[in-house]
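# Architecture at a glance
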Amino acid sequence: MKKYIVCFLAAVLAISCVKGMDPDDTGVVGGHSDNYNQKGRTYMMNMVDQLFAPMLEELEQALDVDSRQLGQSAHFDINGSLQTPGSVWKVKAKDSALYGMTLRCQREEYWTLSFEGDYLLGDDIQYYDGNNVYPTNITMAVCREYSPQDDKPVLGWYCELQGERTEREGYSCTFHSTNTPMYSSKREGLQFLNTRGADAAGWDKVYGNLYMSVYKNKEQVDVCCLSFEGSPSLATFTRGL
């Protein structure tokens, strides 16, 4: 899969939401070792790089299709222009990891992306059942981020998101980027920005906080925050907020 966030570590360990890599490792993120901290940080980085960014890439692809006014697509079910409020598109390509994701135009330059289904996080690391595909439910409200200079192109996206993921042995997590209602005037979401020029792929800067709560049999066992202030590789991971 294409990497969207440049400057991420080249080799990213795949982990479950709360369990160690070793099948005999019974520790959870709620532990206090540096190993657990690294696993929690890596898991949240995987969410950003392998779930949030691909959703934005699907939106960019859809808007490109819409701009060419073809009226049909092998990748999307099309329902009117995606620039028209109320229009809903759907990812219909079965080879897409985000098959079934919907893209809804809420109002001019604002969209809501929604996905519910089994989703893989991690880089080909094998687990007990042979993969790390688990039920994931996410809603992302997005709008474009423009340069303050009139002669500059779109810089990227501003996102407010919330979701949940169920993992094995009774573990699950919820995650969100803001405690305010979506599309509120208070901006607490994530910014994905491209500061390297229009010809550069992906986004090299990320700003904002991502929060995650971890549960065992619906009882909360940990809470974490991944804070971005520019280069994704320099994000700060904090636990026990």
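To keep things clear, this report deals only with the structure shown in the data block.

Basis of the calculations
Every chain's residues receive numbers from 1 upward, in the order its sequence appears when written. Local features in this predicted model are restricted to residues of pLDDT 70 or higher, and side-chain atom pairs are both shown and tallied only at a pLDDT of 80 or more, whereas totals for entire chains, interfaces and linings draw on every residue. Excluded from the side-chain calculation are hydrogens and water; included are all heavy atoms of the structure. Labels follow the DSSP assignment, with helices taken as runs of H or I lasting at least four residues and strands as runs of E lasting at least two, numbered in each case from the N terminus. For each residue, the accessible area found with a 1.4 Å probe, counting protein chains only, is set against the maximum for its type, and the residue is called buried under 20%, exposed over 50%, and partly exposed in between. Using a 1.4 Å probe, accessible areas were evaluated by the Shrake-Rupley method; residue-level cover was limited to the displayed protein chains. A pair of sulfur atoms, both from cysteines and within 2.5 Å, is called a disulfide here. In short, DSSP must find at least two bridges between two strands for them to pair.

## Some points on the overall build of the chain
Each helix and strand in the chain was counted, giving 1 helix and 11 strands. Helices (α) and strands (β) of the chain occur, in sequence order from the N terminus, as α-β-β-β-β-β-β-β-β-β-β-β. The buried share of the chain, taken over its 241 residues, is 49%. Total accessible area computed for the chain in this model is approximately 11900 Å², and 48% of it derives from carbon and sulfur atoms.

## A short note on the state of the cysteines
For the coordinates displayed, the defined rule picks out 0 disulfides. Here cysteine 159 is not disulfide-linked; the sulfur of cysteine 143 is the nearest cysteine sulfur, at 8.0 Å. For cysteine 159, a relative accessible area of 0% translates into the label buried.

## Digging into the pairing of strand E10 (residues 219-230)
With 11 bridges joining them, strand E9 (residues 205-216) and E10 adopt antiparallel strand pairing. Looking across to E10, one finds that lysine 216 is bridged to glutamate 219. Between E9 and E10, which follow one another and run antiparallel, lie 2 residues, and asparagine 217 among them has a positive phi close to 50°.

## Describing the pairing of strand E3 (residues 102-107)
Pairing of strand E2 (residues 88-91) with E3 involves 3 bridges; the strand directions are antiparallel. Paired with valine 88 across the bridge in E3 is arginine 104. As defined by bridge partners, E3 adjoins strand E4 (residues 110-120) across 5 bridges and the pair is classed as antiparallel. Residue pairing for E4: arginine 104 is matched across the bridge by threonine 112.

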